Amino acid sequence: METTGAPAPPRSELSAALNAWFELSARELPWRAPDTTAWGVLVSEFMSQQTQVERVIPHWLEWMERWPTPSALAAAEPGEAVRAWKRLGYPRRALWLHRAAVEIAERHGDKVPADVDALLALTGIGPYTARAVAVFAFGDTHPVVDTNTRRVIARAVQGRAAAGMPAARDLTDMAALLPSDRAAAATFNAAAMELGAIVCTARAPRCDACPIANICEWRGAGYPDNAPEKRPKQAAFEGSDRQARGKIMELLRSADAPVAVADAVAAARAGRRPRGAPDPAQPRRAYDSLVADGLLVEFEGLVRLP
DNA sequence: AAACCGGGGCG
DNA sequence: CGCCCAGGTTT
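Keep in mind that this is a model prediction, so the values were computed, not measured.

A. Quick peek at helix α5 (residues 78-85). Every buried residue of α5 is accounted for by Gly79, Ala81, Val82, Ala84 and Trp85. Positive backbone phi, at 55 degrees, marks lysine 86, one or two positions downstream of α5.

Pasting the structure below:
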């Protein structure tokens, strides 16, 4: 790590300031309540993958009332999980969460495993979610690094405008910042995420409200390299296969009986206004991909949720 | 490493 | 309208 100018403040100063701020300013998310189960934490992490937390809250409350344990969800049809997912997006997550519930019920005695490797073996759980559950549900002391934390580390520690270092580097930097105390480590992981979500935001950081502005390397250096991180430009949603898939899923979620395959394929065309010439193969392609994903089950010319 | 996977909110 | 979001899986 290159260090120029005055020596950086001790790590403990950063974590102490962030944790103190978190205790005062953290959002009161329902899964942060003291009585939340490990299952509740896991569900919140699944729902929060690429979806803003505020939009997750009502879905989480409904989900936990209906399926308070992994075995409760495992006993339901997968399609019911997809239906309850509503418009959260990425419906594969609903399917994967159901599969994870089955795996927990069958292999782990209906108890969410605390071990990172066991968590990684569950469907739909990757490096981030495994660490998040281990830390927030079981008080483990691993670094939890999501997109918010990466940005906070990039700015406060690395003096960069945006995350751009390899993810392993951010993990190492976060590990070096973690307090040794178990509870403080979990709080710090949550605090770094929280800061990135509501203060140290990507678009317009609110440095006037930041508890570590005085020790932020990026601010101290005069906000250099203030350019967005290079990321592959996501294709337009309007007219995309993703939108076509969404239309089909919307039809199937609202249907209380199987629908004709032809109607499902036709749904992909509804309400679409592509800029150029429409792709005549898109509706069928979207439908087939949903079947391949296991989100649709076809039988006798009809189709239904799994 | 890159592509793919929804949908909504915000500047 | 462009960018971003408590990522993960597949190729």
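B. View of helix α8 (residues 127-138). Over its twelve residues, α8 extends 16 Å from the first C-alpha to the last, a length consistent with the 16 Å expected when each residue adds 1.5 Å. Among the residues making up α8, those that are buried are Thr129, Ala130, Ala132, Val133, Ala134 and Val135. On its buried face, α8 sits against α2 (38-48), α7 (116-120) and α11 (182-198).

C. Representation of the nonpolar core within the structure. By size, the foremost hydrophobic cluster in this structure holds 53 residues, and its most contacted members are Trp39, Leu42, Trp63, Leu97, Ile248 and Leu296. Look past the residues within four positions of leucine 97 in its chain and what remains in contact with it is Trp39, Leu42, Val43, Phe46, Trp63, Leu73 and Trp85. Counting 24 residues, the second-largest nonpolar core is a separate cluster that includes Leu14, Phe22, Val199 and Ile215.

D. Expanded view of the environment of proline 91. Within the element layout of this structure, proline 91 appears in the loop between α5 and α6 (92-107). The spacing of proline 91 and arginine 107 is 16 residues in sequence and 24 Å in space, taken between C-alpha atoms. Sequence-distant contacts of proline 91, defined by excluding residues within four places in its chain, comprise Trp85, Met249 and Leu295.

E. Just the side chain of glutamine 49, in detail. Along the polypeptide, glutamine 49 turns up in the loop between α2 and α3 (53-66). Among the polar contacts listed, one links the side chain of glutamine 49 to the side chain of threonine 129, at a separation of 3.0 Å. Setting aside residues no more than four positions away along its own chain, glutamine 49 makes contact with Arg93, Gly124 and Thr129.

F. Region of the structure containing the protein's contact with DNA strand C. In the region of DNA strand C, 27 residues are neighbours, and Thr129, Asn148, Arg151, Met193 and Arg203 sit closest. Of all atoms in DNA strand C that approach within 4 Å of the protein, 62% are sugar or phosphate atoms. Note that a phosphate oxygen of DNA strand C is positioned 3.2 Å from one of the backbone N or O atoms of glycine 124. Within the contact set of DNA strand C, a base oxygen lies 2.5 Å away from a side-chain nitrogen or oxygen of arginine 203. Listing elements by their share of the surface near DNA strand C, those giving two or more residues are α2, α6, α8 and α9 (147-157). Residues that form the surface near DNA strand C fall into these classes: nine nonpolar, ten polar and eight charged.

Rules used in this analysis
- Residues numbered from 1 in each chain as written.
- Chains lettered and ligands numbered in written order.
- Predicted model: local features only at pLDDT ≥ 70, side-chain atom pairs only at ≥ 80, totals over all residues.
- Heavy atoms only, no water.
- Buried < 20%, exposed > 50% of the residue type's maximum accessible area, 1.4 Å probe, protein only.
- Helix = DSSP H or I, 4+ residues; strand = E, 2+ residues; numbered from the N terminus.
- Expected span 1.5 Å × (residues − 1).
- Contact = heavy atoms within 4.5 Å.
- Core = buried A, V, L, I, M, F, W, Y, C linked by side-chain atoms within 4.5 Å.
- Polar contact = N/O pair within 3.5 Å; in protein donor to acceptor, adjacent residues only side chain to side chain.
- Near = heavy atom within 4 Å.
- Nonpolar A, V, L, I, M, F, W, Y, C, P; charged D, E, K, R; others polar.

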